[in-house]
Amino acid sequence: MSSWIIYTIGFVAQLLFSGRLLVQWMLSEKSKKIVTPSLFWKLSLLASFLLFVYGYLRDDFAIMLGQALTYYIYIRNLQLQGEWKKANKILQIFLLIFPIIIVIYGYNNGEYDVEKLFRNNAIPLWLLILGIVAQIIFTLRFIYQWMYSEKHKSSELPVGFWRMSVVGAALILTYAILRHDPVLFVGHCAGLIIYIRNIFIWKKQLHGATEKE
């Protein structure tokens, strides 16, 4: 597959990720508090779908790992908001088994191309490790968000989510610069600004609540 098609898939995914943040940010600014619209999770799921494909096409295990870890959390949040059951049943099944299909497709005569993923000449081992660590930290924010939402029985984006987003995005930006990956660089530059802004919105929200008391 030509590189421009691969990069197009990646950029579309990052545009969707940025779009979800813009929607969430604008609604939060309007409400003067952090809100979690269902569109945030719908765009997240679609973007994750595309970025997983992008990571596979670029033989980039760090990207694939990051998306695999968050993909089903997006679906769970849609379930908590009651939006998942509104989707077409065929679409639900396809989205649920999609990552599994990719993994099975990645097998070559019964043996997964570990050599291809972990010994990519374009990615030195130390850089791959940096990318994996960055993706794991970035992904932990959604695990934290998922546990927080399960505890409160509602889909929410707590301040801890945004703090972890800042740390993870900074590390991924470092990886993107060293990897010369414009897709990751553009996507996380825009996101980092919004993550920081949400922390400030939370502080104002907390300060306002304290004054009322």
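Notes on the structure in this doc start here. Source: prediction; values computed, not measured. (Residues numbered from 1 in each chain as written. Predicted model: local features only at pLDDT ≥ 70, side-chain atom pairs only at ≥ 80, totals over all residues. Heavy atoms only, no water.)

Digging into unusual backbone geometry
Now for step 1: Even without being glycine, Lys32 reaches a positive phi, approximately 65°.
Now for step 2: With a relative accessible area of 63%, Lys32 lands in the exposed category.
Now for step 3: Even without being glycine, His180 reaches a positive phi, approximately 60°.
Now for step 4: Within the secondary structure layout, His180 lies in the loop between helix 7 (159-179) and helix 8 (182-212). (Buried < 20%, exposed > 50% of the residue type's maximum accessible area, 1.4 Å probe, protein only. Helix = DSSP H or I, 4+ residues; strand = E, 2+ residues; numbered from the N terminus.)

Some thoughts on the nonpolar core
Now for step 1: In terms of nonpolar packing, the biggest core is built from 49 residues, with Leu45 and Trp162 touching the most fellow members.
Now for step 2: Secondary structure elements with two or more residues in this core: helix 1 (3-31), helix 2 (38-57), helix 3 (61-80), helix 4 (89-105), helix 6 (125-152), helix 7 and helix 8.
Now for step 3: With eleven residues, the top contributor of residues to this core is helix 2.
Now for step 4: In contact with Leu45, other than residues within four places in its own chain, are Tyr71, Tyr74, Ile75, Leu78, Trp84 and Leu95. (Core = buried A, V, L, I, M, F, W, Y, C linked by side-chain atoms within 4.5 Å. Contact = heavy atoms within 4.5 Å.)

Description of the environment of Tyr56
Now for step 1: Inspection of the secondary structure puts Tyr56 in helix 2.
Now for step 2: Residue classification places Tyr56 among the partly exposed positions, given a relative accessible area of 21%.
Now for step 3: Residues Tyr56 and Ile102, spaced 46 residues apart in sequence, show a C-alpha to C-alpha distance of 8.3 Å.

A closer look at the pattern of salt bridges
Now for step 1: In the structure shown here, the tally under the stated rule is five salt bridges.
Now for step 2: In this structure, Arg197 and Glu29 form a salt bridge, with 2.6 Å as the shortest nitrogen-oxygen distance. With Arg197 in helix 8 and Glu29 in helix 1, this residue pair connects regions lying 168 residues apart in the sequence.
Now for step 3: Taking relative accessible area as the criterion, Arg197 reaches 26% and is therefore assigned partly exposed.
Now for step 4: Overall, the relative accessible area of 23% leaves Glu29 in the partly exposed class.
Now for step 5: Each of Lys42, Glu83 and Lys86 takes part in a single network of salt bridges with overlapping partners. (Salt bridge = Lys/Arg side-chain N within 4 Å of Asp/Glu carboxyl O.)

What to know about the packing of helix 1 against helix 2
Now for step 1: Viewed as axis vectors pointing N to C, helix 1 and helix 2 meet at an angle of 160°, and their least axial separation amounts to 8 Å. Considering their axes alone, helix 1 and helix 2 lie roughly antiparallel with respect to each other. By crossing handedness, the relation of helix 1 to helix 2 is classed as left-handed.
Now for step 2: Tallied by class, residues from the contact of helix 1 with helix 2 come to 19 nonpolar, six polar and one charged. (Axes fitted to C-alpha atoms, helices over the stretch in contact; angles between N-to-C directions. Parallel < 35°, antiparallel > 145°, perpendicular 65-115°, else oblique. Left-handed = near helix turned anticlockwise from the far one by under 90°. Nonpolar A, V, L, I, M, F, W, Y, C, P; charged D, E, K, R; others polar.)

No statement about biological role is implied by the geometric values presented.
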